[in-house]
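# Structural characterization, general
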Amino acid sequence: MAEKVFANCHSPPSLRKDLFLKQSLLFPRESLMYYNKNMDGRDMDNGASDYQRMRDAMVDNQLIPRGIKDPRVLDAMRRVPRHLFMPEPVRYSAYDDIALPIGEGQTISQPYMVAIMTELLELKGEETILEIGTGSGYQAAILGELAREVYTIERLPHLAAEAVSRLAELGYDNVTVITGDGTKGLEERAPFDRILITAAAPEIPEILVRQLKENGIIVAPVGERYSQVLIKGRKSGGVLVEEFSTPCVFVPLIGEYGWRS
Ligand code: SAM
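Note that the coordinates shown come from a computational prediction; the quantities given were computed from them, not determined experimentally. Throughout, residues of each chain are indexed from 1 in the direction in which the sequence is written. Predicted model: local features are reported for residues with pLDDT of at least 70 only, side-chain atom pairs are reported and counted for 80 or more only, and whole-chain, interface and lining totals are derived from all residues.

Taken together, 26 residues are adjacent to the ligand, and Gly 133, Gly 135, Gln 139, Gly 182 and Gly 255 come closest. Put simply, DSSP marks the helices as runs of H or I at least four residues long and the strands as runs of E at least two long, and each gets a number from the N terminus on. Elements supplying a minimum of two residues to the shell around the ligand: β2 (106-108), α6 (138-146) and β4 (149-154). It is β2 that provides the largest number of residues to the shell around the ligand, a total of 3 residues. Among the residues forming the shell around the ligand, the class breakdown is 11 nonpolar, 12 polar and 3 charged. In this entry, near means the residue's backbone-placed C-beta atom lies within 6 Å of the molecule or strand. Basically, the charged four are Asp, Glu, Lys and Arg, the nonpolar ten are Ala, Val, Leu, Ile, Met, Phe, Trp, Tyr, Cys and Pro, and anything else, Gly included, counts as polar.

This part covers the confidence of the model for the protein. Every residue gets a pLDDT, meaning the predictor's confidence in that residue, from 0 to 100. Looking at the protein, pLDDT values average 85 and 82% of them are 70 or higher. By the convention adopted here, residues make contact when the C-beta atoms placed from their backbones lie within 7 Å. Note that residues 1-48 has pLDDT below 50 and, in this model, 51 contacts with residues that lie over four places away or in other chains.

Below, the discussion takes up the packing of helix α4 (residues 71-79) against α6. The interhelical angle for the contact between α4 and α6, taken along N-to-C directions, is 130 degrees, at an axis separation of 10 Å. One finds that α4 runs oblique with respect to α6. As for how α4 packs across α6, the hand of that crossing is right-handed. Taking contact as the criterion, the partners of Arg 72, Ala 76, Met 77 and Arg 79 in α4 are, on α6, Ile 142, Glu 145 and Leu 146. Taken together, the residues that form the contact of α4 with α6 break down as 4 nonpolar, no polar and 3 charged. Geometry is summarised by axes, namely lines fitted to C-alpha atoms with helices restricted to the contacting stretch, and by angles between N-to-C directions that run from 0 to 180 degrees. Should an angle fall under 35 degrees it is called roughly parallel, over 145 degrees roughly antiparallel, and 65 to 115 degrees roughly perpendicular, with every other angle called oblique. Whether a crossing is left-handed or right-handed is set by the direction in which the near helix is turned from the far one by less than a right angle, anticlockwise for left-handed and clockwise for right-handed.

One nonpolar core equals one set of buried Ala, Val, Leu, Ile, Met, Phe, Trp, Tyr and Cys residues connected by C-beta atoms within 7 Å. Residue burial is a threshold on neighbouring C-beta atoms within 10 Å of the residue's own C-beta, all placed from the backbone, with 20 or more meaning buried, 12 or fewer meaning exposed, and counts in between meaning partly exposed. In this structure, Ile 142 and Val 219 are the most contacted members of the largest nonpolar core, which totals 67 residues. With 7 residues, the top contributor of residues to this core is helix α5 (residues 111-120). Residues within four places of Val 219 in sequence aside, it is in contact with Met 117, Leu 120, Leu 121, Leu 196, Leu 230 and Lys 232.

Once that is clear, we can look at the sheet that holds strand β6 (residues 192-197). Two strands qualify as a pair provided DSSP detects at least 2 bridges between them. In spatial order, the strands read β5-β4-β3-β6-β7-β8-β9; together these 7 strands make up an open sheet with mixed pairing. Unpaired on one side and paired on the other, β5 (175-179) and β9 (239-248) mark the two borders of the sheet. Across the sheet, the axes of successive neighbouring strands diverge by a mean angle of 15 degrees, strand direction being ignored. Inspection of the sheet shows strand β8 (residues 228-236) paired to β9 by 9 bridges, in the antiparallel sense. Residue pairing across strands places Arg 234 opposite Val 241, the latter belonging to β9.

This part takes up the pairing of β4. In summary, the side chains of a regular strand alternate between the two faces of the sheet. Where burial is concerned, most of β4 is hidden: 5 out of the 6 residues are buried. Alignment of strand β3 (residues 128-132) against β4, held across 5 bridges, turns out to be parallel. Bridge pairing in β4 links Thr 128 to Glu 149. Here the term right-handed applies to a crossover when the path leading from its first strand over the helix to its second strand runs clockwise, the strands being oriented away from the viewer. Taken together, β3, α6 and β4 form a β-α-β motif whose crossover is right-handed. Relative to β5, β4 is paired through 5 bridges, and the arrangement is parallel. From the neighbouring strand, Val 150 faces β5, where its bridge partner is Val 175. Each parallel crossover has a hand, and for β4 linked through helix α7 (residues 157-169) to β5 it is right-handed.

Next comes the structure, spelled out in C-alpha cells:
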C-alpha cells in the first residue's frame, strides 16, 4: 500500500507568491495582470520561464520523491502548462502540492494524483483512452501527450466548454470532449485500451468494464463519498482483476451508475 494521499491538502506558498498576495490585497486587478503577464512570459536567464521552473520543481519535489518513475509521465508533467487549466485567481498556486477549485464546486486534482493515475495506466503511445470527469481538461492533456486518442466526458456543460477551448488553444487535436453522463461510458467508440475515472465512484460500473478491451486497464477512485481507494484493475477473462490501491479523496461521480446526486 502506497503512502496516504489527501487530494485537498495545503502547502505553504512560496515567498514570491506571498509578495504577490500582499500586493494583490492592495491592488487586486493590477497585481494579477502583472503576475500573469510576467509569470507567463520569458525570463532574462537563458529563456527559461518561471512557470517552467515551477513545473520542474513540482516534478523534482513532489512526483519523483513519491515514487513516480515512468519517464514519459514525468516529461509530460514537465511540459503541460497546468496553470492554463485553472481560473486566473488561483494560477499562482498551480504547481503547489494541492487540488485547486475550478468552479462549479469541482477541482483540478493534485499533481501527484494526476501523475500516479497516469502512471498506473501504463501508456506506451498507441492507446485509445476514455476519461470520465474532464474537469479543467488538464488530465486529458497529459493523456493526450502520452496516447494516440483520448475521449473525455464531463457532465457539467460549462466546464466541458472551457476545457474544449483550452485544449484547442493548446493544440490537443487528439482529445475529444463530450458533455454527458460518463458513468454510461461511450459505447459508440468502445472498446477502449484504458479507462480513467477521475471522480469518486461507489463502484466501477459494469458497463465500463464491458467497454474495456481484454487486458485493458481501468483506474478509478472507488469507495465512500468522502474517502476512497485508487483502484487499478486489468480485464482478464472478461472480468476485472484488481492490482493496486492507495487511499485518496475525490469529488463524487454523479450519474446513472454513480452517486445519484
Ligand atoms: N480530470 C480533471 C482535471 O484534470 O481537471 C479533474 C476531475 S474533477 C476531480 C471530477 C470531475 O468529474 C468534475 O468536473 C465533475 O463534474 C465530473 N463528473 C462527475 N460525475 C460525472 C459523470 N457522471 N460524468 C462525467 N463527469 C462527471
